[in-house]
Amino acid sequence: RQWRQWRQRQRRTMTPVPTAAPTTTSDESRIIGICLGLAGSIAINTGNNLQSYGMNKLEMKVLEEYMQKGQAPPPTHTIKIKPRESWTWIIGTCIFVSGSLMNFASFGFAPQMLLASLESVQFVTNVFFGRYFMGRTITWTMYFGTLLTVMGTVLTVEFSTDHSAPKGTVEDLIDLWSNWVWLAYLGFVVVGGLSINAFYKLKKQKQKLGEVVNPSLLALLYAVYSALFGTLSVVFAKILAVLVSVWLNNKVNIWTDWFLYVSLLGWLVLMSVWLFRLNSALSMFDPIFAIPLLQANFIFFAIVSGGIYFQEFNYMSTFKWFGFIPGVIIIFVGISLLSPPDEGSDGRHGDELVKDRLNVQGSNCSNGSSSDGSNASSTWGGGWDEE
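Since we're looking at a predicted model, the values are computed, not measured.

**Some points on the nonpolar core**
- Leu-173, Tyr-185, Ile-239, Leu-243, Ile-303 and Tyr-309 are the most contacted members of the largest nonpolar core, which has 43 residues in total.
- Elements supplying a minimum of two residues to this core: α4 (112–118), α7 (170–175), α8 (180–208), α9 (215–230), α10 (232–250), α11 (258–284), α12 (287–309) and α13 (318–336).
- Ranked by size, the runner-up nonpolar core spans 28 residues in total, among them Tyr-200, Val-213, Leu-278 and Leu-294.

This is the structure we're talking about:
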């Protein structure tokens, strides 16, 4: 009897299990996802720039007060501001949140790697905002970088896949966490992210001791670390969107399943970390360079994380890889050309440049000219008060 039971177990084990069909995105769903993704990305970047503009105005207001009192302005990196005191910052935050909601909705209609590529449209709005609202000098090199970024985006969208792992039930989404490739990627995020952050803090400490540190290197380290963890929120957002779709289309009760609330908690925590670091970057680095750098890393790791977890890479043909990879490379080449001109190339310190701008404003005011500071820009070395 034991032998017969053993044979029965063997036959059950050897019986092939039907393979679930991959999830396929329809053309209508793809178009809706692209439209929501584009609108959300534009709103997110507009909100980012309004936030940075509001913080810039607050910083310049503090410097002007020092100048009016006849006092030497403090170093810009020591200035503490409260963003909530700026209506521009508040409006920018509202626009940013609205764009994030549109991006969240788009995840229910199209693959993550496709939607992540669409976020590069933010670079176009970033250059436009810097030129017409921040009064920044936009060089032809930066325009060319923007063009390359858009071209790379078109390539990645055109050659991205419309297929992914089966996601028809909650169990399908849970099973994706057992993929060893995904687990290895999570290990890389933790170990690599902590190592990068340690190196960043080391460089910051040396900078405080007087050592010259390339600010572009600091911005790069900051952006990579932020994006490694921040893009995990995109995976959780996509999971939540799929769960809502399963509930609406398949009539599955997801509200009593623990996986829904774990995913919701993961999204809230990781998104909060990303938003905090994004806001901090606006006051620590030049936004016309920092925002594209942050978003470029965000796009790249969002593509990688979505391609691994939802196994979208598994359905990429060789032909698609030959179009997708060059598209990603072109995006990063375009980003490398978006670095703003060095304002300190004449050898003056950033604080001296700010002082000169304020002196110009003061002379304009004494001549009866309007001076609202709209054409001034700080060196973005200040910090924002978190209290």
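**Some thoughts on the confidence of the model for the chain**
- Model confidence for the chain is summarised by a mean pLDDT of 76, while 78% of its residues fall at 70 or above.
- Averaged over each element, pLDDT in the chain is lowest for strand β4 (residues 383–384) (41) and highest for α8 (92).
- Throughout residues 10–19 the model reports pLDDT below 50, and contacts reaching past four residues in sequence, or to other chains, amount to zero contacts.
- The low-confidence segment residues 343–387, where pLDDT is below 50, has 88 contacts with residues more than four positions distant or belonging to other chains.

**As for unusual backbone geometry**
- At Gln-311, a position not held by glycine, the phi torsion is positive, near 55°.
- The exposure class of Gln-311 is buried, given its relative accessible area of 18%.

**Details of α9**
- When the terminal C-alpha atoms of α9 are compared, their 22 Å separation across 16 residues agrees well with the 22 Å that a helix rising 1.5 Å per residue should span.
- Of all 16 residues making up α9, twelve are buried, and the element is well covered by its neighbours.
- The set of residues buried in α9 consists of Leu-218, Ala-219, Leu-221, Tyr-222, Ala-223, Val-224, Tyr-225, Ser-226, Ala-227, Leu-228, Phe-229 and Gly-230.
- With a side-chain oxygen positioned 2.9 Å from the backbone nitrogen of Ser-216, the residue opening α9 is Asn-214.

**Let's talk about the packing of α9 against α10**
- Where α9 contacts α10, the axes come no closer than 4 Å and their chain directions differ by 20°. Classified by the angle their axes make, α9 and α10 are roughly parallel. Contacts between α9 and α10 involve Leu-228, Phe-229 and Gly-230 from the first element and Leu-232, Ser-233 and Val-234 from the second.
- Counted by class, the contact of α9 with α10 contains four nonpolar, two polar and no charged residues.

**A closer look at helix α6 (residues 140–159)**
- Over its 20 residues, α6 extends 29 Å from the first C-alpha to the last, a length consistent with the 28 Å expected when each residue adds 1.5 Å.
- If you check which residues of α6 are buried, you get Met-142, Gly-145, Thr-146, Leu-148, Thr-149, Gly-152, Thr-153, Thr-156, Val-157 and Phe-159.

What counts as what
- Each chain carries its own residue numbering, running from 1 in the written order of its sequence.
- Since the coordinates come from a predicted model, pLDDT governs what is reported: local features require at least 70, and pairs of side-chain atoms require 80 or more to be given and counted, while whole-chain, interface and lining totals use all residues.
- Computation of side-chain values: all heavy atoms of the structure, hydrogens and water removed.
- To define a nonpolar core, start from buried Ala, Val, Leu, Ile, Met, Phe, Trp, Tyr and Cys residues and group those joined through side-chain atoms within 4.5 Å.
- When accessible area is computed with a 1.4 Å probe and restricted to protein chains, residues below 20% of their type maximum are described as buried, those above 50% as exposed, and intermediate ones as partly exposed.
- Segments assigned H or I by DSSP are reported as helices when at least four residues long, segments assigned E as strands when at least two residues long, and all are numbered from the N terminus.
- The quantity called pLDDT is the predictor's confidence in a given residue, expressed from 0 to 100.
- We call two residues in contact whenever any of their non-hydrogen atoms come within 4.5 Å of each other.
- One fewer than the residue count of a helix, multiplied by 1.5 Å, yields its expected span.
- The definition of a polar contact used here is a pair of N or O atoms within 3.5 Å, where within protein one atom must be able to donate a hydrogen and the other to accept one, and adjacent residues in sequence count solely through side-chain atom pairs.
- Axes, fitted as lines to C-alpha atoms, cover a helix only where it is in contact. Angles between the N-to-C directions of the axes lie from 0 to 180 degrees.
- Here the word oblique covers every angle except those under 35 degrees (roughly parallel), over 145 (roughly antiparallel) and from 65 to 115 (roughly perpendicular).
- Each residue is assigned to one of three groups, with Ala, Val, Leu, Ile, Met, Phe, Trp, Tyr, Cys and Pro labelled nonpolar, Asp, Glu, Lys and Arg labelled charged, and all others, Gly among them, labelled polar.

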